[in-house]
Amino acid sequence: MLYELIAKTNLILSNDHWAIFWPADLTGELVTIALLLCFVTMSNLEFRLPKLAHTAWQMRQSYQTNLSLFVFNSILITVFSVSTLLMIAERYSGYGLLSHVPSPTTKAILSLLAIDLLLYLWHQACHRMDFLWVFHRVHHSDPYLNVSTAFRLHFVEIFATTCLKALLIIILGLDKMLVLSIETLITLCIMFHHTNTRFKYERILGYFIIVPLLHRVHHSTERSEHDRNYGIVFSFWDKLLGTLLVVDPKRTGVKGNPPEDVFNLIKFGFGWQPPVCNGKPANVELMIAEAAFYKAEKRNFCPGYELCDWLEAKADVLDVANHQRKM
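Rules behind the numbers
- Residues numbered from 1 in each chain as written.
- Predicted model: local features only at pLDDT ≥ 70, side-chain atom pairs only at ≥ 80, totals over all residues.
- Heavy atoms only, no water.
- Helix = DSSP H or I, 4+ residues; strand = E, 2+ residues; numbered from the N terminus.
- Contact = heavy atoms within 4.5 Å.
- Areas by Shrake-Rupley, 256 points an atom, 1.4 Å probe, with all protein chains shown as cover.
- Phe/Tyr/Trp six-rings, centres within 6.5 Å; stacked < 30°, edge-to-face > 60°.
- Buried < 20%, exposed > 50% of the residue type's maximum accessible area, 1.4 Å probe, protein only.
- Lys NZ or Arg CZ within 6 Å of the ring centre and 35° of its normal.
- pLDDT = per-residue confidence, 0-100.
- Axes fitted to C-alpha atoms, helices over the stretch in contact; angles between N-to-C directions.
- Parallel < 35°, antiparallel > 145°, perpendicular 65-115°, else oblique.
- Left-handed = near helix turned anticlockwise from the far one by under 90°.
- Nonpolar A, V, L, I, M, F, W, Y, C, P; charged D, E, K, R; others polar.
- Core = buried A, V, L, I, M, F, W, Y, C linked by side-chain atoms within 4.5 Å.
- Salt bridge = Lys/Arg side-chain N within 4 Å of Asp/Glu carboxyl O.
- Patch = residues over 30% accessible without salt bridge, like charges linked within 9 Å, V, L, I, M, F, W, Y side chains within 5 Å.

What am I meant to see in the overall build of the chain here?
Of the regular secondary structure elements, the chain holds 15 helices and 2 strands. For the chain, long-range pairs separated by at least 24 residues make up 74% of all intrachain contacts whose partners lie at least 6 apart in sequence. Split by element, the accessible area of the chain, about 16,900 Å² in all, is 65% carbon and sulfur.

Hey, could you run me through the environment of Ser68 in this one?
Within the secondary structure, Ser68 sits in helix α3 (residues 56-79). C-alpha separation for the pair Ser68 and Phe263, spaced 195 residues apart in sequence, amounts to 10.0 Å.

Can you walk me through the packing of aromatic side chains in this structure?
Aromatic ring pairs are defined here through the distance separating the ring centres and the angle between the ring planes. On inspection of all chains with the given rule, the structure shows 10 aromatic pairs. Arranged with centres 5.5 Å apart and planes meeting at 85°, the rings of Phe135 and Phe270 form a pair that is edge-to-face. With a gap of 135 residues between them, Phe135 in helix α6 (residues 130-140) and Phe270 in the loop between α13 (262-269) and β1 (276-277) connect regions that are remote in the sequence. Judged by relative accessible area, Phe270 falls into the exposed class, the value being 52%. An aromatic cluster is built from Phe39, Tyr63, Phe70 and Phe151, whose rings are joined through pairwise contacts. A cation sits over an aromatic face here: Arg137 above Phe268, 3.7 Å from the ring centre.

Just checking my understanding: could you explain the confidence of the model for the chain for this structure?
Detailed reading of the predicted model is not advised wherever pLDDT is low. Scored by pLDDT, the chain has a mean of 81; 81% of the residues are at 70 or more. Scored below 50 in pLDDT, residues 3-26 shows 62 contacts in the model against residues more than four places distant or in partner chains.

When you look at the packing of helix α5 (residues 104-128) against helix α8 (residues 176-194) in this model, what are you seeing that I'm missing?
For any two helices packed against each other, the geometry comes down to the angle between their axes and how far apart the axes lie. Put simply, α5 and α8 touch, their axes get as near as 11 Å, and they point 50° apart. As the angle between them shows, α5 and α8 are arranged oblique. The crossing of α5 and α8 is right-handed. Touching Lys107, Ala108, Ser111, Leu112, Ile115 and Leu119 of α5 are Leu178, Ile182, Leu185 and Ile186, all from α8. A class-by-class count of the residues in the contact of α5 with α8 yields 8 nonpolar, 1 polar and 1 charged.

Looking at this structure, how should I read the nonpolar core?
Nonpolar side chains in soluble globular proteins tend to end up buried together. Formed by 38 residues in total, the largest nonpolar core has its most connected members in Ile115, Leu174, Val179, Ile186 and Met191. Of all the secondary structure elements, the ones that give two or more residues to this core are α2 (28-48), α3, α4 (85-92), α5, α7 (155-172) and α8. It is α8 that contributes the most residues to this core, 8 residues altogether. In this structure Val179 touches Leu85, Leu86, Ala89, Ile169 and Leu174, once residues within four positions along its chain are discounted. Of all hydrophobic cores here, the second largest spans 7 residues; its members include Trp57, Tyr144, Trp310 and Ala313.

Help me out: how do you make sense of the pattern of salt bridges in this one?
This model, assessed by the stated rule, comprises 7 salt bridges. With a shortest N-O distance of 3.8 Å, Arg152 and Asp142 are connected by a salt bridge. Highlighted residues: Arg152 in the loop between α6 and α7 and Asp142 in the loop between α6 and α7, separated in sequence by 10 residues. Residue classification places Arg152 among the buried residues on the basis of a relative accessible area of 0%. What makes Asp142 buried here is its relative accessible area of 0%. In this structure, Lys165 engages Glu183 in a salt bridge whose closest nitrogen and oxygen atoms are separated by 3.1 Å. Of this pair, Lys165 sits in helix α7 while Glu183 sits in helix α8, placing them 18 residues apart in sequence. Owing to a relative accessible area of 3%, Lys165 belongs among the buried residues under this scheme.

Looking at this structure, how should I read a nonpolar patch on the surface?
Side chains of Tyr201, Ile204, Tyr207 and Phe208 sit close together on the surface and give an oily, nonpolar patch of about 520 Å² of accessible area. With respect to the helices and strands, Tyr201 occurs in the loop between α8 and α9 (202-205). By relative accessible area, Tyr201 is classed as exposed at 55%.

Printed below as a string of structure tokens:
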């Protein structure tokens, strides 16, 4: 996804066959800038038209954690010199199953369908196999779903996903221009369907592609709901394979008390669990955040009182904690 695109920002892509999709002088830098602009636009949209009401503190915490994890993953991929999909496509293009398809449009459509189906099946495997779920649950651990959640990924999952896509690229014989086009589209779709927003005709659009309405179900805390809607770009894979579900989840995230800092999220992906106190996870900050949320809910989320809510909630939680210590 965006990790692979950033890793090759110096690559100039020029291929006359694909001029109908991308300008001949398109570079990785331009793609990255375009994706960042889309990220900012979606962030602004979810702040203006939110589907789920989150406090300013909750959103700030989510963005800080998710973007910090994104930076960590980007640095790690660079340090270990992970081969990018673009480099693989440059080396093996012209040898695969689709290398002799004469029409660039037909090849592009078939390639997108193949990669999207692969990601659907891989996504489903990440939920059904425990040794994959421990890494994938890092992505699901965000209780405040928003566009930045798209980057809340464990580096092991990123590496495994990249290897699978690289294998498919070799089998199909895709060139680097087509790979960049598809990776850009997939990244945009992932950011879009994580956006905490709603809009007119969302259900109609959901018949064709994955929209926030559908993916929000996938992030439900209830397993019967989050083991649905595995699609990345197209929603018809879920419909054809019987995993489509359209409901409004009561809560998003994972059950329990997952960590909210990068270091512990990395450990969380390897099976680490937060410490438990009296049978309950010990996370005072989360308790304060939840208390502040309920205070804001009582006043219908009227803006301007977030700091007061936080300070009052903090005082209440600490008072209870001190009282329990004395008992």
